[in-house]
Amino acid sequence: MFHITVSILSLVFFVAAWWALNAYFEDQDSVNAEYVPSPGSVWDALWGLMREPDPYVGIHITEHMASSLERIGIGFVLALALAIPAGLLMGRMRLAHAVGRPIVEVFRPIPPLAWIPIFLIIFGIFWGPVAIVFLGIFFPVLFNVMLGARSVDPTLVDAAKTLGAGRFAIFEKVIFPYTIPYLMTGIKVGLGIGWMCIVAAEMVAAEGGGMGYFILVMADWSDFERMYAGMVIIGVLSALTTGVAGFVESYVYKRMGMD
Amino acid sequence: MRALDDFNLDVAEGEFVCLLGPSGCGKTTVLRIIAGLEIKSSGKVIVHGEEVGETRPRVGMVFQEFALFPWRSARKNVEFGLETKGMPESSRAELSAKYLELVGLTGFADSHPRELSGGMKQRVAIARALANEPDVLLMDEPFGSLDAQTRNLMQKELLRIWSATEKTILFVTHSVDEAVYLADRIVVMTARPGKVREIIDVPLQRPRDRTSREFIAIRGKVLAELDEEFEKARAKELSPD
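Every value quoted in this text rests on a predicted model; they were computed, and no experiment measured them.

Formed by 124 residues in total, the largest nonpolar core has its most connected members in Val-141 of chain A together with Cys-18, Leu-20, Ala-127, Leu-138 and Ile-186 of chain B. In terms of residue count, the dominant contributor to this core is helix α6 (residues 116-150) of chain A (17 residues). When residues of this core are sorted by domain, at least three fall in each of domain 1 (1-58 + 135-241) and domain 2 (69-133) of chain B. Here Val-141 of chain A is in contact with Ala-79, Leu-80, Ala-83, Ile-84, Gly-87, Leu-183, Gly-186, Ile-187 and Gly-190 of chain A, once residues within four sequence places are set aside.

Here you go:
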């Protein structure tokens, strides 16, 4: 109870400090007052966006949200569909590891954002950002799944063999369940990177909507209230997706008897 | 490095044989070869007239570390082998219930391994191996990580299960006391590379009394054999070759 109280106080203090900073700039007649709008005005902008589209782009905020979520969702599903089998194979088969590891090591250190220009050219303004998100999620998932597959207790594999399990059954019934906690870690890390990727990619591909596009346009029009409101929405969406992942994680652990 | 050399052993159907020897003598390797988990460089393993090799023999194995799948309930652990055989769910449930009852865990069918004590985990592992209806049950120091009380209880339980199922059991242990308590015959192995040094019959009625004169006499004999091998193993360790 004590710590909850402290946490609430901490949040109150943060908002108060923000408000005081704005008040100070207003008092000084400083241009900074524009860059640091008051919490109340950002709140008003947020509610205003829920009621009607902004005057510059004219697309309702929920459409921006939907377009970012859609691209993240597609990139996420594609990344999982490829990273899980690749990670399992690379973690369990020497040959797959020998083939895959050097290529992965070449591409992994390149930040996904470095691919934005070329991906936008090749894949366009919808699939380009999807491809960036894909890259951002693919590597953390691949690496965590590979790590999990490598650390499977060998006695469990031996036990499965003596119970008559063939290669495929061992993958399906031993290796894969064993790697699920690792996969969940990869997913949570990947989702954070995914949001980073989508916002950045949408800022560059200045068309077609999306939250990154929205905050960039608001900043261009010096509408910092709406811009901050957009940032708040990004933060909330990102926290929600991570929250959903956490919920799925605890549900899976419960089903597996591992909670 | 040779783990085993000239290792010959015939085990009769329904017999309980213990393998005993200094650590690193290849006791576990014998079991792993029979289970098809390790490839032998030469020699033959014949189970029920069928050579172990391409065809996996019908053996079950119980490990010291239990090796239960932590994400499966006791029942689902027992059904693992049946699932891989493609047995329909109703027959699987029937068999798992039967073997969980045999090991005295009917009330814990839906518990997961982390909710079970060491002794209970090993009961699940035994039921899991038996549910596959193997010809031979291989046990690799199965009670090695249990406390002394549980260990004694599990030895009694194993003998009960053995007489109920009439399985052939090959049991690796470090404990002379355990071997004399359980086995029809005790195979004392030499230090690495492991050979059969001596096979000692244990012609005592079960349940055996650990404090009886006959029990102590056999234990003394086994210990004497084993001590010599321990000395040899130590001498080998100290002299570089």
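Further notes follow.
Our next topic: the sheet that holds strand β5 (residues 136-140) of chain B. Residues and elements named next belong to chain B. The six strands are arranged β4-β5-β6-β1-β7-β8 in an open sheet whose pairing can be described as mixed. Looking at strand neighbours, the two that pair on one side only are β4 (59-62) and β8 (196-201), the edges of this open sheet. The mean angle between the axes of side-by-side strands here comes to 20°, regardless of whether they run parallel or antiparallel. By the bridge criterion, five bridges tie strand β1 (residues 16-20) to strand β6 (residues 168-173) in an arrangement that is parallel. Residue pairing in the sheet places Val-17 in a bridge with Leu-170 of β6.

Listed as interface residues are 19 residues of chain B and, on the opposing side, 14 residues of chain A. Where the side of chain B that touches chain A is concerned, the elements lending two or more residues are β4 and α3 (80-84) of chain B.

This paragraph deals with the domain arrangement of chain B. All names here are of chain B. Per the domain assignment, the segments making up chain B are domain 1 (1-58 + 135-241) and domain 2 (69-133). One C-alpha centre belongs to domain 1, the other to domain 2; they are set 26 Å apart. Each side of the interface is counted separately: domain 1 has 11 residues, and domain 2 has eight residues. Top contributing element to the side of domain 1 that touches domain 2 by residue count: helix α6 (residues 148-165), with six residues. For the side of domain 1 that touches domain 2, the per-class residue count stands at eight nonpolar, three polar and no charged.

Conventions and cut-offs
Residues numbered from 1 in each chain as written. Chains lettered and ligands numbered in written order. Predicted model: local features only at pLDDT ≥ 70, side-chain atom pairs only at ≥ 80, totals over all residues. Core = buried A, V, L, I, M, F, W, Y, C linked by C-beta atoms within 7 Å. Buried ≥ 20, exposed ≤ 12 C-beta atoms within 10 Å, placed from the backbone. Helix = DSSP H or I, 4+ residues; strand = E, 2+ residues; numbered from the N terminus. Domains from an automatic or database assignment. Contact = placed C-beta atoms within 7 Å. Pairing = 2+ DSSP bridges. Axes fitted to C-alpha atoms, helices over the stretch in contact; angles between N-to-C directions. Nonpolar A, V, L, I, M, F, W, Y, C, P; charged D, E, K, R; others polar.

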